[in-house]
Amino acid sequence: MNMDFKLEKWSLDHSNSIVKHANNKKIAENLRNGFPNPYTENDSLNYINTIIDDDTQIARAIIVNNEAVGSITIIKQQDVYEKSAELGYWLSEDYWNKGILSKLIPEIIKIAFNELDIVRIFAEPFSYNTASIRVLEKSGFKLEGKKEKSIYKNGKYSDSYIYALLKD
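Remember, predicted model here, so these are calculated numbers, not experimental data.

> Summarise the side chain of Ser17; cite the residues concerned and give the values.
Positionally, Ser17 belongs in helix α1 (residues 15-22). Of the residues examined, Ser17 reaches a relative accessible area of 12% and is grouped as buried. Residues contacting Ser17, with those up to four places away along its chain left out, are Glu67 and Ala68.

This is the structure in structure tokens:
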């Protein structure tokens, strides 16, 4: 399968394809509870409207063959953490294990380091999300620590990890 993929600034035109790809329990299981399941058109419109003009984050749609199939966001932190930002992402199950995130995360990292006045980007994958951990490691992130029983999702406790990447 020949795939053309890229990052693109969010627009309301992405809403329908995001609903199609985000409405998946397997995706929601690997994300915080703020990512709903089922995922509706209203959820999509609310998300896009919230991030479209927010200058405290870099948010991009993942576009594959002209369709929005996921999201990568880097959110600048506040207070004493103002020089750090958190990376979050999800991708349609149809495109898992195809190297898309490993290629696009470094792209958005460059943008964030140039535009957000930060020196550190971190991510907190759930311990059972080995694919996400691999993506972070391929993108140059280093394991900083483990947070035991820090996740309570769907009635179960899980650990999470802290991965970070520092600006050169």
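After that view, the rundown keeps rolling.
> Just give me the short version of unusual backbone geometry, but keep the residues and values in it.
Working note: non-glycine residues mostly have negative phi, and peptide bonds are mostly trans. A cis amide bond, omega 5°, links Asn37 with the succeeding residue Pro38. One can find Pro38 in the loop between α2 (25-28) and α3 (41-51). Even without being a glycine, Asp79 presents a positive backbone phi close to 60°. For Asp79, a relative accessible area of 63% translates into the label exposed.

> Can you explain the environment of Ser150? Please cite residues and give values.
With respect to the helices, strands and loops of the structure, Ser150 is situated in strand β6 (residues 142-153). The exposure class assigned to Ser150 is partly exposed, which follows from its relative accessible area of 33%. Along the chain, Ser150 and Ile58 lie 92 residues apart, while their C-alpha atoms are 26 Å from each other. Beyond its immediate stretch of four places on either side in the chain, Ser150 contacts Ser158, Asp159 and Ser160.

> Any chance you could break down the packing of aromatic side chains for me, citing the residues and the numbers?
Summed over all chains, the structure comprises 6 aromatic pairs. Ring centres of Phe35 and Tyr39 lie 5.1 Å apart, and the angle between their planes is 35°; this geometry places the pair in the tilted category. The buried category is assigned to Phe35, whose relative accessible area is 12%. Tyr39 gets classed as buried once you look at its relative accessible area, which sits at 6%. Plain terms: the ring middles of Phe35 and Trp90 are 5.5 Å apart, the flat faces sit at 65° to each other, and that makes the pair edge-to-face. Of this pair, Phe35 sits in the loop between α2 and α3 while Trp90 sits in strand β4 (residues 84-91), and the two are 55 residues apart along the sequence. For Trp90, a relative accessible area of 10% translates into the label buried. An aromatic cluster is present here, built from Phe35, Tyr39 and Trp90 joined pairwise through their rings. A cation sits over an aromatic face here: Lys149 above Tyr157, 5.8 Å from the ring centre.

> Which residues make up the nonpolar core, and what values do they have?
Ile62, Ile72, Ile74, Leu87, Ile105, Ile121 and Phe141 are the most contacted members of the largest nonpolar core, which has 32 residues in total. Where this core is concerned, the elements lending two or more residues are β2 (57-64), β3 (67-76), β4, α4 (100-115), β5 (120-123), α5 (130-138) and β7 (156-166). Each residue touching Ile72, except ones within four places of it in the same chain, is listed here: Leu7, Ile58, Ala59, Arg60, Ile62, Leu87, Gly88, Tyr89, Leu101, Leu104, Ile105 and Ile108. Judged by nonpolar contacts, the second largest core, of 16 residues, contains Ile48, Ala61, Ile63 and Ala68.

> Just give me the short version of the sheet that holds β4, but keep the residues and values in it.
If you walk across this open sheet you meet the 7 strands as β1-β2-β3-β4-β5-β7-β6, and the pairing is mixed. Each of the sheet's edge strands pairs with one partner strand only, and the pair in question is β1 (5-9) and β6. Neighbouring strand axes in the sheet, compared pairwise and without regard to direction, differ in orientation by 25° on average. Bridge count between β5 and β7: 4 bridges; the pairing is antiparallel. When the bridges of β7 are listed, Ile121 appears paired with Leu165. Against the sheet, α1 contacts β3 and β4, and its axis sits at roughly 90° relative to β3.

Parameters and conventions
- Residues numbered from 1 in each chain as written.
- Predicted model: local features only at pLDDT ≥ 70, side-chain atom pairs only at ≥ 80, totals over all residues.
- Heavy atoms only, no water.
- Helix = DSSP H or I, 4+ residues; strand = E, 2+ residues; numbered from the N terminus.
- Buried < 20%, exposed > 50% of the residue type's maximum accessible area, 1.4 Å probe, protein only.
- Contact = heavy atoms within 4.5 Å.
- Phe/Tyr/Trp six-rings, centres within 6.5 Å; stacked < 30°, edge-to-face > 60°.
- Lys NZ or Arg CZ within 6 Å of the ring centre and 35° of its normal.
- Core = buried A, V, L, I, M, F, W, Y, C linked by side-chain atoms within 4.5 Å.
- Pairing = 2+ DSSP bridges.
- Axes fitted to C-alpha atoms, helices over the stretch in contact; angles between N-to-C directions.

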